[in-house]
Amino acid sequence: MLSAWVRFVSRSLGLVACLVLAACDRPIDLTAKPPEAPDLQTAESAPAAIYVGEVVDLSKVEDQLGRILPGDISNITRRLRGAACSTVNGKQVCLDARLSGRIVRDGQAHLSGTPHGLEWRMPLRYELVAQPVGPGAATQVNGKLTITASFAMSVDEHWQPSLKLDPVFKWPDGTKIKVLSGETSLQADVEPVLAGQLQKLQPATVAGLIPGDMRQQVDLVWRHLHYPLALSRDQQIWMRGTPLGLHFAGLRTVGAEQELRIVITARLQTFTGDRPAPLPPSPLPALGSGAEPAGGGIMLVSDVPFEVLNAHAARHLPAIPVRSESVSTPAAKTEVRSLAFFPAGKRIGLGVHLTLPATNGGWFAGHGVAYYMATPDMRPGSSQIVLSQCELFASSAKTPARQKDYAFLTDPRFADAIGQSVTVDVADKLLAAVDLIKHEPSLPLAKGLKLWLQPGDPKVSRIIPGADGLGLLIEIGGDFVVRKDGTDIASGGDVPKATP
């Protein structure tokens, strides 16, 4: 009987001890807890540019420019002050010089396309003689320069192109030449002649520059952007565009060809899972109407689970700051045991779990939790997720009584230490997003048209707290061009950088 009673008492004490220990490990809220709620707002990228390109022949315009310009551009006869200098009786004496001669075209001019229109680059040669006024032999002054004229090109609502000469000429080699001991500029001798001649370019010269089937191609692309395109069939990722505007986008050199471009402004959306429904159709608007591109791209989503943040924070637990004036006994013995993360709207909540010392003659240490709020962000110039604006959660409810015993909870240094406990690098996720786009470099549309994707550098445009972790909205810009099937494009060869 006695042994049975002893066993009963031992089991009872053990059960009581277990219950007491379990109660001690139940966290005590030292502050109010912010409501748990994922950010349900949908994020959209800025309007992106979808180019429709077709190779054009500029030889007719180039030939016409060559015909309207004379071989001799300008004749020069003028006097230069102090250009002929010599030493007489140990002193330098400078005399004027008479400069005469001509400026002529030197070889074949070259016409190329630009995002604004056309650029005409013409080589020049000057053949001059400098004769000092007074004693001295004549000197030949020969050399070469290059001048560039730009034409702004526009296409009206009837898809008819026109050119307008830019009054500002460019001189890649400069306009000044060395003449004996002085120098002179040839700008005033050349530009008025070229401006007068180039303005004689007839509108009919560029009348047929727009390919006859380009409007039909643009209309096809406009309609097919309403339908989902498979970015990745393996991962069931779809892209769909909402067309917003239509504009002329100039020309671009592609290999040895000149490509004329029309840009469709579209807001691109991506979906994971089942193929989404197409958008309601919208008619092709007039050229030159609607929104213009604003640097948007393809938006992909990548997740960073809260478990990853928890594990990272466990290796960098924040230290409790020590105040110089006095240290209260509870705070001195309190330690951070872990951090826990949860969504709190556009921000994230942090539960800072603390080991509390025994107080008021208690037998066992306690477990307290204080709640903070922080904003997930990207460290500037890096691919690292960091926490900014970390602060103790302030509630309108009454402050828990035990919070008064732990003054360090309101210490800004402690909040900063909590924020610095997380630094997660997501460079692998950025590069994986680019690899997904590169895996399908072209997407078929219709009637022999393909959308070619040349991704640029990825960047995290926004971080959205979700129910189980952070959603990274990775935006990938680049060059998105629709061409006829079989048209090759330059690969570029650059490895995209991981950009925050």
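What counts as what
Residues numbered from 1 in each chain as written. Predicted model: local features only at pLDDT ≥ 70, side-chain atom pairs only at ≥ 80, totals over all residues. Heavy atoms only, no water. Helix = DSSP H or I, 4+ residues; strand = E, 2+ residues; numbered from the N terminus. Buried < 20%, exposed > 50% of the residue type's maximum accessible area, 1.4 Å probe, protein only. Contact = heavy atoms within 4.5 Å. Areas by Shrake-Rupley, 256 points an atom, 1.4 Å probe, with all protein chains shown as cover. Core = buried A, V, L, I, M, F, W, Y, C linked by side-chain atoms within 4.5 Å. Salt bridge = Lys/Arg side-chain N within 4 Å of Asp/Glu carboxyl O. Disulfide = S-S within 2.5 Å. 1 Å grid on protein atoms, 1.4 Å probe; cavity = no way out; pocket = protein on both sides within 12 Å on 5 of 7 lines; lining within 4 Å. Points joined across faces, edges and corners; volume = space filled by probe spheres on them. Arc of directions from axis to C-beta. Phe/Tyr/Trp six-rings, centres within 6.5 Å; stacked < 30°, edge-to-face > 60°. Lys NZ or Arg CZ within 6 Å of the ring centre and 35° of its normal.

K.L.:
Sorry, what's going on with the overall build of the protein here?
P.N.:
Broken down by element type, the protein carries 8 helices and 23 strands. Here the protein holds 500 residues, and 44% of them are scored as buried. Taking as baseline every contact in the protein between residues at least 6 positions apart, the subset at least 24 positions apart corresponds to 69%. Surface accessibility of the protein: about 25,800 Å² in total, with carbon and sulfur atoms responsible for 53%.

K.L.:
Got a minute to help me understand the environment of Leu260 in this structure?
P.N.:
One can find Leu260 in strand β13 (residues 257–272). Take Leu260: its relative accessible area is 0%, and that puts it in the buried class. The spacing of Leu260 and Met214 is 46 residues in sequence and 9.7 Å in space, taken between C-alpha atoms. Not counting residues within four places of it along the chain, the set of residues in contact with Leu260 comprises Val52, Gly53, Glu54, Val56, Met153, Leu209, Ile210, Met214, Phe248, Gly250 and Leu251.

K.L.:
What is the right way to read helix α4 (residues 214–224) from this model?
P.N.:
Since one α-helical turn is 3.6 residues long, residues separated by three or four positions face the same way. Inspection of α4 places Met214, Gln217, Val218, Leu220, Val221 and Trp222 among the buried residues, and these make up the whole buried set. In this structure, the buried residues of α4 make contact with β2 (48–56), β12 (237–254), β13, β22 (449–465) and β23 (469–484).

K.L.:
How should the nonpolar core be read in this particular structure?
P.N.:
Proteins that are soluble and globular tend to have nonpolar side chains buried together. Ranked by internal contacts, the top residues of the largest apolar core, which has 116 residues, are Leu198, Leu231, Phe341, Tyr372 and Leu451. When neighbours within four sequence positions are excluded, Leu198 is seen to be in contact with Leu65, Ile68, Leu69, Trp120, Ala149, Phe151, Leu165 and Phe169.

K.L.:
Explanation requested: the pattern of salt bridges in the structure shown.
P.N.:
Where side chains of opposite charge bring their charged atoms close, a pairing between them can arise. Tallied over the entire structure, the rule returns 21 salt bridges. When the shortest N-O distance is used, the salt bridge between Asp72 and Arg102 registers 3.1 Å. Taken together, the residues span a long stretch of sequence, with Asp72 in strand β3 (residues 72–88) and Arg102 in strand β4 (residues 91–105) at a distance of 30 residues. When the shortest N-O distance is used, the salt bridge between Arg413 and Asp411 registers 2.9 Å. In the salt-bridge network here, residues are joined through shared partners; they are Asp72, Arg102, Asp106, Arg125, Glu127 and Lys144.

K.L.:
Explain unusual backbone geometry to me, please; I cannot follow it from the model alone.
P.N.:
A negative phi angle characterises most non-glycine residues, just as the trans form characterises most peptide bonds. You will see that Trp159, though not glycine, has its phi angle at about 65 degrees, which is positive. Turning to its location among the elements, Trp159 is positioned in the loop between β7 (139–155) and β8 (161–165). Under the relative-accessibility criterion, Trp159 is labelled buried at 7%. Phi is positive for Gln236, close to 55 degrees, though the residue is something other than glycine. With respect to the helices, strands and loops of the structure, Gln236 is situated in the loop between β11 (229–232) and β12.

K.L.:
It is not clear to me how the state of the cysteines should be interpreted in this structure. Could you clarify?
P.N.:
Note on terminology: disulfide describes a covalent bond linking the sulfur atoms of two cysteines. The final tally for this structure, using the stated rule, is 1 disulfide. Shown here is the disulfide that connects Cys85 with Cys94, its sulfur atoms set 2.0 Å apart. Its S-S torsion of approximately 110 degrees makes the covalent link between Cys85 and Cys94 right-handed. Among the residues examined, Cys85 registers a relative accessible area of 25% and is labelled partly exposed.

K.L.:
Would you mind going over the layout of surface pockets with me for this structure?
P.N.:
One number sums up the size of the largest pocket: a volume of about 620 Å³. For the largest pocket, the lining is made up of 22 residues, of which Thr270, Met299, Leu300, Val301 and Leu473 are closest to its centre. Secondary structure elements with two or more residues in the lining of the largest pocket: β13, β15 (298–305), α8 (427–439) and β23.

K.L.:
Honestly, the environment of Ile298 in this entry has me stumped. Any pointers?
P.N.:
Following the sequence through the fold, Ile298 ends up in strand β15. A residue is classified by how much of its surface remains accessible, and Ile298, at 1% relative accessible area, is buried. For the pair Ile298 and Ala48, spaced 250 residues apart in sequence, the C-alpha separation works out to 8.1 Å. Each residue touching Ile298, except ones within four places of it in the same chain, is listed here: Leu231, Met239, Leu268, Thr270, Ile437, Leu453, Ile474, Glu475, Ile476 and Phe480.

K.L.:
Where do I start with helix α2 (residues 59–68) in this structure?
P.N.:
Listed as buried for α2 are Val61, Glu62, Gln64, Leu65 and Ile68. Looking down the long axis of α2, one finds its buried residues gathered within 165 degrees of arc, a one-sided arrangement. More than 90 degrees from the buried face of α2, the exposed residues found are Lys60 and Arg67. Structurally, α2 contributes buried residues whose contacts are with β5 (110–114), β6 (117–132), β7 and α3 (187–198).

K.L.:
For this particular structure, what's the right way to read the packing of aromatic side chains?
P.N.:
For any pair of aromatic rings, the description consists of the separation of the ring centres together with the inter-plane angle of the planes. What the rule picks out here adds up to 4 aromatic pairs. Both rings, one in Tyr372 and one in Phe414, keep their centres 6.0 Å apart while their planes meet at 75 degrees; by these two values the pair is edge-to-face. Residue Tyr372 is located in strand β18 (residues 366–378), and its partner Phe414 is located in helix α7 (residues 412–419); the two are separated by 42 residues in the primary sequence. Both residues of the pair, Tyr372 and Phe414, count as buried. Members of the aromatic cluster, joined through ring pairs, are Tyr372, Tyr406, Phe408 and Phe414. The residue whose ring lies beneath Lys33 is Phe342, and the NZ or CZ to ring-centre distance is 5.1 Å. For Arg261, the ring lying beneath its charged end belongs to Tyr51, and the centroid distance is 4.8 Å.

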